[in-house]
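These are the residues of each chain, in order.
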Amino acid sequence: MTSPISLSYVIFILAAASTVPQLVQTYTTQQTRDFSNWSLALNLLANALLAIHGYRMRDTGLIALGAWFTIYWAYLYSVKLRSLD
């Protein structure tokens, strides 16, 4: 019998997937100021899940890391959504 996928694997997959759109866009444009909405949204989701995982594991460090990067990516995403570009 196989064990169910742990939350940490789901977080890893989302975090890795979130880098692909930004890497492709950066490679194509050779600019870092162009953020992909998908990349920002997936980073936001992955780090929110990391905070939840830290809470479930009773790991204050993971909670802090996940919460900080959730706020960070949420800010970047809000700036992207408000930009006129």
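In this text the structure is predicted, and so the values were computed from the model without any measurement.

Basis of the calculations
Residue indices follow the written sequence of each chain, beginning from 1 at its first position. With pLDDT at 70 or above as the cut-off, local features in this predicted model cover only qualifying residues; side-chain atom pairs require 80 or more to be listed or tallied, and sums for whole chains, interfaces and linings still use all residues. The basis for every side-chain value is the complete set of non-hydrogen atoms in the structure, without hydrogens or water. Helix and strand assignments follow DSSP, with helices taken as H or I runs no shorter than four residues and strands as E runs no shorter than two, numbered in order from the N terminus. The buried label goes to any residue with under 20% of its type's maximum accessible area, the exposed label to any with over 50%, and the partly exposed label to all in between, with areas taken from a 1.4 Å probe on protein chains only. Inter-axis angles, ranging from 0 to 180 degrees, are taken between N-to-C directions of lines fitted to C-alpha atoms, where helices are fitted over the stretch in contact. The cut-offs work like this: below 35 degrees is roughly parallel, past 145 is roughly antiparallel, 65 to 115 is roughly perpendicular, and the gaps in between are oblique. Handedness of a helix crossing follows the sense of rotation of the near helix relative to the far helix, less than a right angle counterclockwise being left-handed and clockwise being right-handed. Ten residues, namely Ala, Val, Leu, Ile, Met, Phe, Trp, Tyr, Cys and Pro, are considered nonpolar, four, namely Asp, Glu, Lys and Arg, are considered charged, and the remaining ones, Gly among them, are considered polar. Between 30 and 60 degrees the pair is tilted, below 30 it is stacked and above 60 it is edge-to-face, where a pair is any two Phe, Tyr or Trp rings, Trp via its six-membered ring, whose centres lie within 6.5 Å.

## Some thoughts on unusual backbone geometry
Non-glycine residue arginine 58 carries a positive phi angle of around 60 degrees. Here arginine 58 shows up in the loop between α2 (37-57) and α3 (60-82). The exposed category is assigned to arginine 58, whose relative accessible area is 75%.

## Quick notes on the packing of α2 against α3
Remark: α2 packs on α3, axes separated minimally by 7 Å, with the N-to-C direction vectors making an angle of 160 degrees. In terms of axis orientation, α2 runs roughly antiparallel to α3. Here α2 and α3 pass one another in a crossing that is left-handed. Of the residues that constitute the contact of α2 with α3, the class distribution is 17 nonpolar, seven polar and one charged.

## Re the packing of aromatic side chains
Going through the model one piece at a time under the given rule, you end up with two aromatic pairs. Look at phenylalanine 69 and tyrosine 72: their rings are 5.9 Å apart centre to centre, the planes differ by 85 degrees, and that puts the pair in the edge-to-face class. Here phenylalanine 69 pairs with tyrosine 72, and both are found in helix α3, just three residues apart, close to one helical turn. A residue is classified by how much of its surface remains accessible, and phenylalanine 69, at 30% relative accessible area, is partly exposed. For tyrosine 72, a relative accessible area of 36% corresponds to the partly exposed category. Ring centres 5.1 Å apart and planes at 75 degrees place the aromatic pair tyrosine 72 and tryptophan 73 in the edge-to-face group. On the basis of relative accessible area, tryptophan 73 is assigned to the buried category, the value being 14%. Counting every residue linked through ring pairs, the aromatic cluster contains Phe69, Tyr72 and Trp73.

Spatial relationships are all this shows, so hold off on functional conclusions.
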